[in-house]
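Secondary and tertiary structure notes
If you want the building blocks of each chain, they are given just below.
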Amino acid sequence: MSQDELTDTVDPNIDAKSIIEDLRHAIDNLSQFALLNGEEPVAHAYHLDVKEGQIVPNASISARRIMGIARCFISAQFSDSARQAQQSHRDQLETEVLKAVDFLKKHYPILDRLKQGDAAEQKLADAALTAIDSFNQVMQTSNRSSPGLRHRFVSFLLRNSGLGFKALSTHASIDLPAIHHVQCWSPATHDKPMPLSKTCVTAQPLKIPTFHALINQNAHTGHIPTRKESDAFRVKGITLIRNYGFPSTSLTEALEAVRHSPIESIALETVESDKNGCASVITFRQTLEPFPGEIFILEGSFRRDAQNHVPSVPIPKSFKLVSKSTQTGFPSPFQHNAWALSDRLIPPLPNAFHALPRFGQLYQRKKQIARGLLPQGALLKKAKHLVAARKEIFANNAIFFLERHERLLTLLAPTDKRGDIKRLFRELSKLPLADTFAQLRDLYRELMRRCVHVPYDVVQDSWLGLHKDVKLCELDTEQRLMTCIGLYMRAMQDSGNDPSTQKFLCPEVRDIVEALCPRMAPACCAIVLQHMSEKIGFEPPPLEELALKLQLVLYHQLMIFQKLWEGPETGDFDEKALEESILNSLDLEIECLESDSPKSVLFEEAAIVDELASYYRRGGIL
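What you see is a predicted model; the values in this text were computed from it and never measured.

Section: the nonpolar core
Within the largest apolar cluster, 136 residues are counted, with the highest numbers of intra-cluster contacts made by Leu550 and Tyr555. Ranked by the residues each element gives to this core, the list is headed by helix H18 (residues 507-536), at 16 residues. Setting aside chain neighbours within four positions, we find Tyr555 in contact with Ile346, Pro347, Phe359, Leu362, Glu605, Ile608, Val609 and Leu612. Residues Ile238, Ile241, Val258 and Leu288 belong to the second largest nonpolar core, which totals 17 residues.

Quick word on the packing of H18 against helix H22 (residues 603-617)
Contact geometry of H18 with H22 gives a least axis separation of 10 Å together with a crossing angle of 30°. By the angle between their directions, the pair H18 and H22 is classed as roughly parallel. Considering only the axes of H18 and H22, their crossing is left-handed. In this structure, H18 uses Gln530, His531, Ser533 and Glu534 to contact H22, whose residues at the interface are Leu612, Ala613, Tyr615 and Tyr616. Looking at the contact of H18 with H22 residue by residue, the class counts come to 4 nonpolar, 3 polar and 1 charged.

Points about a negative patch on the surface
A grouping of Glu392, Asp574, Glu575 and Glu580 is seen on the molecular surface, where their side chains present a negatively charged patch. With respect to the element layout, Glu575 can be found in helix H20 (residues 575-594).

Observations regarding helix H19 (residues 545-563)
Taking 1.5 Å of rise per residue, 19 residues should cover 27 Å, and H19 covers 27 Å from first to last C-alpha, within 8% of that figure. Here H19 lies mainly inside the structure; 16 of its 19 residues are buried.

Let's talk about the confidence of the model for the protein
Averaged over the protein, the pLDDT score is 78; the fraction of residues at 70 or greater is 73%. Per-element mean pLDDT across the protein ranges from 34 in helix H8 (residues 209-214) up to 97 in H19. Note that residues 1-17 has pLDDT below 50 and, in this model, 59 contacts with residues that lie over four places away or in other chains. Low confidence marks residues 188-220, where pLDDT is under 50. Its contacts with residues over four positions away, or in another chain, come to 94 contacts.

Re the pairing of strand E1 (residues 48-51)
What you see with E1 is a clean split: Leu48 and Val50 sit on the buried side and Asp49 and Lys51 on the side with no burial. The pairing of E1 with strand E2 (residues 54-57) spans 4 bridges and is classified as antiparallel. Bridge pairing in E2 links Val50 to Ile55. Between E1 and E2, which pair antiparallel and follow one another directly, the connecting turn spans 2 residues, one of which, Glu52, has a positive phi of 55°.

Description of the packing of helix H15 (residues 433-463) against helix H16 (residues 477-495)
Put simply, H15 and H16 touch, their axes get as near as 8 Å, and they point 130° apart. Comparing the axis directions of H15 and H16 gives the class oblique. Along this stretch, H15 crosses H16, giving a crossing that reads as right-handed. Along its contact with H15, which presents Arg449, Arg450, Cys451, Val452, Val454, Pro455, Tyr456, Val458, Val459 and Ser462, the element H16 presents Cys484, Leu487, Tyr488, Ala491, Met492, Gln493 and Ser495. When the residues that make up the contact of H15 with H16 are grouped by side-chain class, the tally is 12 nonpolar, 3 polar and 2 charged.

A short note on the pairing of strand E7 (residues 294-305)
Burial analysis of E7 places 11 of its 12 residues in the buried class, the great majority of the element. Alignment of E7 against strand E9 (residues 320-327), held across 6 bridges, turns out to be antiparallel. From the neighbouring strand, Phe296 faces E9, where its bridge partner is Ser323. The pairing of E7 with strand E8 (residues 313-314) spans 2 bridges and is classified as antiparallel. Looking across to E8, one finds that Phe302 is bridged to Pro314.

What about the pattern of salt bridges?
Taken as a whole and judged by the stated rule, the model has 20 salt bridges. Here Arg404 ties to Glu403 by a salt bridge, and the two come within 3.8 Å at their closest N and O atoms. Among the charged side chains, a salt-bridge network with shared partners connects Glu403, Arg404 and Asp587.

What about the environment of Arg449?
Within the element layout of this structure, Arg449 appears in helix H15. A relative accessible area of 14% means that Arg449 is categorised as buried.

Let's talk about unusual backbone geometry
Notably, Glu52 is not glycine yet its phi reads approximately 55°, a positive angle. By the secondary structure assignment, Glu52 is in the loop between E1 and E2. With relative accessibility at 84%, the residue Glu52 sits in the exposed group. The backbone of Ala338 sits at a positive phi, close to 80°, despite the residue not being glycine. If you trace the backbone, Ala338 turns up in the loop between E9 and helix H11 (357-372). Ala338 sits in the buried class, given a relative accessible area of 0%.

Overview of the state of the cysteines
Throughout the structure, instances matching the rule amount to 0 disulfides. Free of any disulfide, Cys525 has its nearest neighbouring cysteine sulfur in Cys484, separated by 8.2 Å. Here Cys525 falls in the buried class, since its relative accessible area comes to 4%.

Describing the side chain of Arg304
Mapped onto the fold, Arg304 is located in strand E7. At 2.8 Å, the side chain of Arg304 forms a polar contact with the side chain of Glu229. With sequence-adjacent residues up to four places away left out, Arg304 is seen in contact with Ile224, Pro225, Thr226, Glu229, Ala279, Ser280, Ile282, Phe284 and Ser312.

Quick look at the packing of aromatic side chains
Counted under the stated rule, the structure contains 16 aromatic pairs. Geometrically, the ring pair formed by Phe284 and Phe302 is edge-to-face, given 5.7 Å between the ring centres and 65° between the ring planes. With Phe284 in strand E6 (residues 277-291) and Phe302 in strand E7, this pair connects stretches of sequence that are 18 residues apart. You can call Phe302 buried: its relative accessible area is 1%. Taken together through their ring pairs, the aromatic side chains of Phe334, Phe394, Phe400, Phe401 and Phe437 make up a single cluster. Its guanidinium or amino end placed over the ring of Tyr456, Arg344 lies 4.7 Å from that ring's centre, counting from NZ or CZ. Lying over the aromatic face of Phe334, Arg441 brings its terminal NZ or CZ to 5.5 Å of the ring centre.

Rules of the game
- Residue positions are counted from 1 within each chain, in the order its sequence is given.
- Local features in a predicted model are, by the rule used here, given only for residues with pLDDT of at least 70; side-chain atom pairs are given and counted only at 80 or more, and totals for whole chains, interfaces and linings are based on all residues.
- Only heavy atoms go into the side-chain values, all of them from the structure, while hydrogens and water stay out.
- Among the buried residues, those of types Ala, Val, Leu, Ile, Met, Phe, Trp, Tyr and Cys that are joined through side-chain atoms within 4.5 Å form a nonpolar core.
- The buried label goes to any residue with under 20% of its type's maximum accessible area, the exposed label to any with over 50%, and the partly exposed label to all in between, with areas taken from a 1.4 Å probe on protein chains only.
- The numbering of helices and of strands both runs from the N terminus, where a helix is a DSSP run of H or I of at least 4 residues and a strand a run of E of at least 2.
- Any two residues having at least one pair of non-hydrogen atoms within 4.5 Å are treated as being in contact.
- Between N-to-C directions, angles cover 0 to 180 degrees, with each direction set by a line fitted to C-alpha atoms, over the stretch in contact for helices.
- Angle categories: roughly parallel below 35 degrees, roughly antiparallel above 145, roughly perpendicular from 65 to 115, and oblique for all the rest.
- Left-handed describes a crossing in which the near helix is turned anticlockwise from the far one by less than a right angle; the clockwise case is right-handed.
- Any residue outside Ala, Val, Leu, Ile, Met, Phe, Trp, Tyr, Cys, Pro, Asp, Glu, Lys and Arg is labelled polar, Gly included; the first ten of those are nonpolar and the last four are charged.
- Here a patch means residues that are over 30% exposed by relative accessible area and free of salt bridges, tied together within 9 Å if like-charged and within 5 Å if nonpolar (Val, Leu, Ile, Met, Phe, Trp, Tyr).
- Using the Shrake-Rupley algorithm and a 1.4 Å probe, accessible areas are obtained, with residue cover drawn only from the displayed protein chains.
- Whenever a carboxyl oxygen of Asp or Glu lies within 4 Å of a side-chain nitrogen of Lys or Arg, that contact is scored as a salt bridge.
- The charged-residue count follows a simple rule in which Lys and Arg add positive charge and Asp and Glu add negative charge, with His and chain termini not counted at all.
- One atom stands in for each charge, and that atom is NZ of Lys, CZ of Arg, CG of Asp or CD of Glu.
- Multiplying 1.5 Å by the residue count of a helix minus one yields the expected span of that helix.
- Confidence per residue, as judged by the predictor, is encoded in pLDDT with a range of 0 to 100.
- Here a strand pair is declared whenever DSSP counts at least two bridges between the two strands.
- Cysteine sulfur atoms that pair up within 2.5 Å are treated as a disulfide.
- In protein, a polar contact requires one atom able to donate a hydrogen and another able to accept it; more generally it is a pair of N or O atoms within 3.5 Å, and residues adjacent in sequence count only if both atoms are side-chain atoms.
- In summary, the pairing rule links any two rings of Phe, Tyr or Trp, Trp by its six-membered ring, whose centres are within 6.5 Å, and it sorts them by plane angle into stacked for under 30 degrees, edge-to-face for over 60 and tilted for everything else.
- Placement of a charge over a ring requires the Lys NZ or Arg CZ to be within 6 Å of the ring centre, with the centre-to-atom vector within 35 degrees of the ring normal.

So, in structure tokens, the structure goes:
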């Protein structure tokens, strides 16, 4: 990514051309604040100063800071002018820190783009993440729930001297939305697993640059492996798995996935050959997902003789295995009741969590669960038991689920497509149960890919200035909204032309997805643009009937998922209670979609939806 692309990033309150300069300024101020408060029991303004918007050390402070603060406290008790001067100094510093916090919250997606850039851009992204982490640690120390004697004493002095920060107490952390864990195993260079990146918090799911450097997810040559190549590829893959193992997946699960997952080609290269003049090297890839959020990718190359004089030969050192876990804390279809909406419909990082107490509580719990579901996380063992139990519950209640899912899709589809849905379920009823629910899972995943994931990225990239033909910063607020809606809907339509995802869906599923998208996409668009409105700068669109119902169902799915982890973190749970919860939640979601008063059906969720609507109508609060 070029510097020009980055400097075209759009924000309604900032000149787009100065984005990198403003980012560096925010990083410097947050870093200086964290550096000078890192050893303090409570963050304060005594040892900081502001010069032309830049936070710097206060050159005139006493070497003994506690004594200096005490003198400020005494002067504030006897002099109104001294107290007002100290408060003014504090307010000036606090304003600059809040500007930096606000900037990084609004522009967090740019960090992911920088991570995929050149060395200088990656260094800038690392500096931003380091500054965010340091700031979070300082605020955590300042706002500790059980302060010691020194903490209480310093807090008392600061409050009474006017040097203690006020608004910063509501900005206790800058939480970036998604969590990843990436590892690579390759016999070419390593005998043991090599972590490509530590378990880390980053801005967007599925955009780890080191992962893309190894696996080009968009490459597809159209060549298919021969039977011998397929067998050899799977043998190599199984060998890698046996040698290195997966930390959170059983060998049986992994081997089963290798045997049944399709193999596709991702590269074809012509090379010189001593004997026959030329040959080709073809690279194959297999994507495995034995557990929701865990993706394993096998990749390896074969040398093909141009005249087919010799069989295709695997290139041993080309084979590698990449493991990535992307957990969001939101359920996949198989972690709910065989269907689920998308995590992207949940605001990833509101500017002011303190103005969203109900949502903020759900959001923080969501992040805790995401961490617990990472490899070797505390919740992973229980999560795997829950998925296995759900599959058994689905099998034992197959007729119930098929009837409810037919009803669910009928509610989501246009009226003239209901006959197509009946035909789909007639075909599904002929399949083994495992295949039936796999087809339903793929249907809902593809629906969310087309109606949420792809258009979401297009709108966000346009805001970040990565689309040269769209300049949101040059438009007024109404034009911005209409432009974003147009981008979203066009991206949804274009997403149907992706052969790499469509080819694994059966024709009946493809037809239903095609029928559902025109009705689902506008509703999903309204929900997405509601929370993008405070970043891009426009009035949030109103949520029409279907959008409101989907948002209620979205938070119902999140709340039900969070209740699963209220008990012990082990694999123990009440299977009967789980079955009742699954059946009841599906009925409630259908009732909500059918109801003329959906908020009365999901009234707890309605409180979250109303809080978000009020927040975004006000444009967010800082």
